[in-house]
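As a plain string of letters, each chain reads:
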Amino acid sequence: MYLKISKFVAFLTLLSIFTTNSVFAQKRSSADTERKINALIAKMTLAEKLGQLQQIDGDFPTGAARPEQFEMVRKGTLGSTLNVRGAKNVNELQRAAMESRLKIPHLFAFDVIHGYRTIFPVPLGEAASFDLKAAELSAYIAAKESRAAGVAWTFAPMVDIARDPRWGRIVEGAGEDTYLGSQFAWARVRGFQGTDYSQPDRVLACAKHWVAYGAAQAGRDYSTTDISENTLYNVYFPPFKAAKDAGVDTFMSSFNDLNGIPASANRWTLTEVLRNQWKFDGFVVSDYTSVMELIPHGFAKDEADAAQLALNAGVDMEMVSRFYNQNGEQLLKNKKLTVATIDEAVRRILRVKYRLGLFDKPYIDESLEAKTLLTPEHRKAAREIAAKSFVLLKNDNQTLPLRKNIKELAIIGGLADSKEDVLGSWNGDGKVPDAVTLLEGVKNKLGNNTKIRYVKGCDAKCEDTSEFDKAVDAAKDSDFTILVVGESAAMSGEASSRSNIDLPGRQLDLIKAVAATKKPYAVVLMNGRPLTINWVAENSPAILETWFAGTEAGNAIADVLFGDANPGGKLPVTFPRSVGQIPIFYNMMNTGRPFDASNKYSSKYLDIANTPLYPFGYGLSYTSFALSNIRLSSTQIAPNGSLNVSVDVHNTGSREGAEVVQLYIRDLVGSVTRPVKELKGFERVELRAGEKRTVTFTLKPEQLGFYNAQNKFVVEPGDFKVWVGQSSVDGLESSFTVK
Ligand code: BGC
């Protein structure tokens, strides 16, 4: 099955090699386009200009545009909508745009976060695959389906670093780590956009939420963030920069207050960093009503003030609220806004519309949509990528995989048969009936040879225990039990923060009741964030983390439970033992009093271990791997030099499997203190039983440097440690010096 994915990817790579040069030439040789844009701007009335800066919401359930939108578009006073989708709906509204005076094409946006119709694992789950080709492929398929349905612009990828699992939106990103997050940001942008997003199978991407939204205080959504500039440069900016380097042409300004200046009115991040330092020439869209929210933030005194603050700071397009349009004229009169500022925002938006090819080809080929959505090929990719995202957290005495000739099997848990939940939050245009549940997947796998006893036990909230006895009886009567527990999809995602990240309700009691039967069982988790599952980790024989795995969830889970696929995912985020440990992440600073069990006055708690329940980068396999023979191409390099680190990886078990080989460094002394470990390379290696291969990483200045106190990127001379391991807490060690 992996072979097939790689063929598809090889095809993609070929395609991008083929298109890269011509496209970048085309994108950058834009003098002609710039001339056209300026000529167009010269013809535009103020109302038409402000219209280009406006985005409003279509009807989410049907994907249709509202009557008002037709009117505005026809008048040339609405540049973009979100949620209007479906080739027919899109063409209808586009026809109105073509009837407008200047025929500026309309831009259709939608949240395509982990799939359009074919739903892939939630982004946090997909990050657990540590497989960038998988991320690129899922984004490519999502793009292909979206564009066929008329959506030209996705509000993805979300590249917020998230180190607080109480925050529900941790599910939408790549987890806690800046390097992993940057790699996934690059891969996802490339998957969506390719090297030319005017192509009919690509969409424009949007790096969100700029910036630091994931650092919401106490994990409460929309909450304040207060982060030093240096930490922004070293931790929170890099995934956005990676997205920019991959060619992303839009950013979304976030809801949060950042160091006292709300991110949607923050001239430093929006103009100084984005436009001036990074030379970003695309445009910024506000998050939903974040321009309006400048008022409750206590930053803008009224609507006009909010509009001028956001637009002057560098928010080019306003989503949903209409303050730019309602106040633009007055603000110009009062000299709170200049025509040049408005023109610059319009220019950026038109530039991206040109790059999308919308001026040449505003309409969608309506015959493509049905042929493109949810094809067997897309489902197949979704199944393979889902299997790659699962993390085997525990597997005592090879409890898993299960034999396919098992006679009687109990499956317990509401999540085991919920089509809705496996689709996760932000499931695009995914349809509930398309989804395959765990129960269905196991039935598909085993046919009629096994007697399956399904008992719900309780739903994800698990307030009602009346079915517990029935669940226990099913476990008693069966040879093996699969217990499916975790969160409903709605428990993570936007506005879904939790103060307690235990298994909800009485789920743990259900597990304990089944465990008390002394019959063998395995726990399958579905959830959008790390959970504090200490009892389960200690007492249950096997635990498989499956996140929310998408349309093909059930088939993929059955593939792994019954050994047709071998789990190889690793945690992209630390699992704490207790909410009290949060924030807990592997690449913390050492402190002046690092943890020392024998020293009361060291950095620790009195009542709990300092270690997490499961560390970043952790995950097991049905086979075993050994790393050996770490070697460096050199032990001394110049600050602008690079270095190879090699290691042999050996599949020492009896079945084929994947190991994610991880490279970490520590810069021992810095002009700004450096973390105790930092991921700087990884490779997911597929090995047959007994196979041995050498993996080589190259450490370059990009990986060795950091932003110093002046926020300049530097590689400082000094000693480094390097580890190559199977998680963030093990590994072969070596060292080198930058001279
Ligand atoms: C979310 C964004 C999303 C937007 C449009 C907002 O509430 O924060 O991530 O893209 O809505 O749906």
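Here is a short report on the structure shown in this document. Quick caveat, the model's predicted, so the values are computed rather than measured.

1. Focus on the sheet that holds strand E22 (residues 692–699)
And step 1. In space, the 3 strands of this open sheet follow the order E17-E19-E22, with antiparallel pairing throughout. Either end of the sheet is taken by a strand with one partner, and the two such strands are strand E17 (625–632) and E22. Along the sheet, successive strands turn relative to each other by an average axial angle of 25°, direction set aside.
And step 2. Strand direction decides the pairing type here: E17 and strand E19 (residues 643–651), joined by 6 bridges, are antiparallel. Paired with Phe-625 across the bridge in E19 is Asn-651.

2. Let's talk about the sheet that holds strand E18 (residues 636–637)
And step 1. The strand order across the open sheet formed by 5 strands is E18-E26-E25-E20-E21, and the pairing between neighbours is mixed. The open sheet has two edge strands, E18 and strand E21 (678–687), and neither has a second partner.
And step 2. Pairing of strand E25 (residues 718–725) with strand E26 (residues 732–738) involves 7 bridges; the strand directions are antiparallel. The residue bridging Gly-718 from the neighbouring strand is Val-738, located in E26.

3. Looking at the state of the cysteines
And step 1. Within the structure shown, the criterion is met by 1 disulfide.
And step 2. Here Cys-458 pairs with Cys-462 through a disulfide, and the sulfurs are 2.1 Å apart. With the S-S bond torsion at -90°, the cross-link from Cys-458 to Cys-462 turns out left-handed.
And step 3. Looking at Cys-458, the relative accessible area reads 8%, which means it is buried.

4. Quick notes on the site of the ligand
And step 1. If you check the shell around the ligand, you find 13 residues, and the closest are Asp-111, Arg-169, Lys-208, His-209 and Asp-287.
And step 2. Within the side chain of Asp-111, an N or O atom sits 2.5 Å from an oxygen atom of the ligand.
And step 3. In this structure, an oxygen atom belonging to the ligand sits 2.7 Å away from a side-chain N or O atom of Arg-169.
And step 4. Within the complex, the protein chains bury 94% of what would otherwise be the 310 Å² of accessible surface of the ligand.
And step 5. Looking at the shell around the ligand residue by residue, the classes come out as 7 nonpolar, 1 polar and 5 charged.

5. Some remarks on helix H16 (residues 376–389)
And step 1. The first and last C-alpha atoms of H16 sit 20 Å apart over 14 residues, in line with the 20 Å expected at 1.5 Å per residue.
And step 2. Of the residues making up H16, those classed as buried are His-378, Ala-381, Ala-382, Glu-384, Ile-385, Ala-386, Ala-387, Lys-388 and Ser-389.

6. Observations regarding the packing of helix H18 (residues 438–446) against helix H22 (residues 553–561)
And step 1. In contact at an axis separation of 7 Å, H18 and H22 are set at 55° when each is read in the N-to-C sense. As the angle between them shows, H18 and H22 are arranged oblique. The two elements H18 and H22 cross, and the hand of that crossing is right-handed. Listed contacts from H22 to Leu-438, Gly-441, Val-442, Asn-444 and Lys-445 of H18 are Gly-554, Asn-555, Ile-557, Ala-558 and Asp-559.
And step 2. Residues that form the contact of H18 with H22 fall into these classes: 4 nonpolar, 4 polar and 2 charged.

Cut-off values and rules
Within any chain, residue numbers begin from 1 and follow the written order of that chain's sequence. Per-residue local features are limited, in this predicted model, to residues with pLDDT of at least 70; the limit for side-chain atom pairs, both in listing and counting, is 80 or more; totals at the level of whole chains, interfaces and linings are taken over all residues. Excluded from the side-chain calculations are hydrogens and water; all other atoms, namely the structure's heavy atoms, are used. Strands qualify as paired when DSSP identifies two bridges or more between them. A run of H or I in DSSP becomes a helix once it reaches four residues, and a run of E becomes a strand once it reaches two; helices and strands are each numbered from the N terminus. Under this scheme, a helix contributes an axis fitted over its contacting stretch, all axes are lines through C-alpha atoms, and angles between N-to-C directions fall in the 0 to 180 degree range. Criterion for a disulfide: a pair of cysteine sulfur atoms within 2.5 Å. When a residue's accessible area, from a 1.4 Å probe over protein chains only, is under 20% of the maximum for its type it is buried; when over 50% it is exposed; and in between it is partly exposed. Residue proximity to a molecule or strand is established when one non-hydrogen atom of the residue lies within 4 Å of it. Nitrogen and oxygen atoms within 3.5 Å of one another constitute a polar contact, given that in protein one can donate a hydrogen and the other can accept it, and given that sequence-neighbouring residues count only through two side-chain atoms. Computed with the Shrake-Rupley method and a 1.4 Å probe, the accessible areas treat only the protein chains shown as cover for residues. Note that Gly is not counted as nonpolar here; it falls among the polar residues with everything else outside the nonpolar set of Ala, Val, Leu, Ile, Met, Phe, Trp, Tyr, Cys and Pro and the charged set of Asp, Glu, Lys and Arg. Multiplying 1.5 Å by the helix residue count minus one yields the expected span of that helix. For classification purposes, an angle smaller than 35 degrees is called roughly parallel, one larger than 145 roughly antiparallel, one from 65 to 115 roughly perpendicular, and anything else oblique. We call a crossing left-handed when the near helix sits turned anticlockwise from the far one by less than a right angle, and right-handed when that turn is clockwise. Any two residues whose heavy atoms approach within 4.5 Å at even a single point are treated as in contact.

All quantities given are derived from atomic positions and should not be read as evidence of function.
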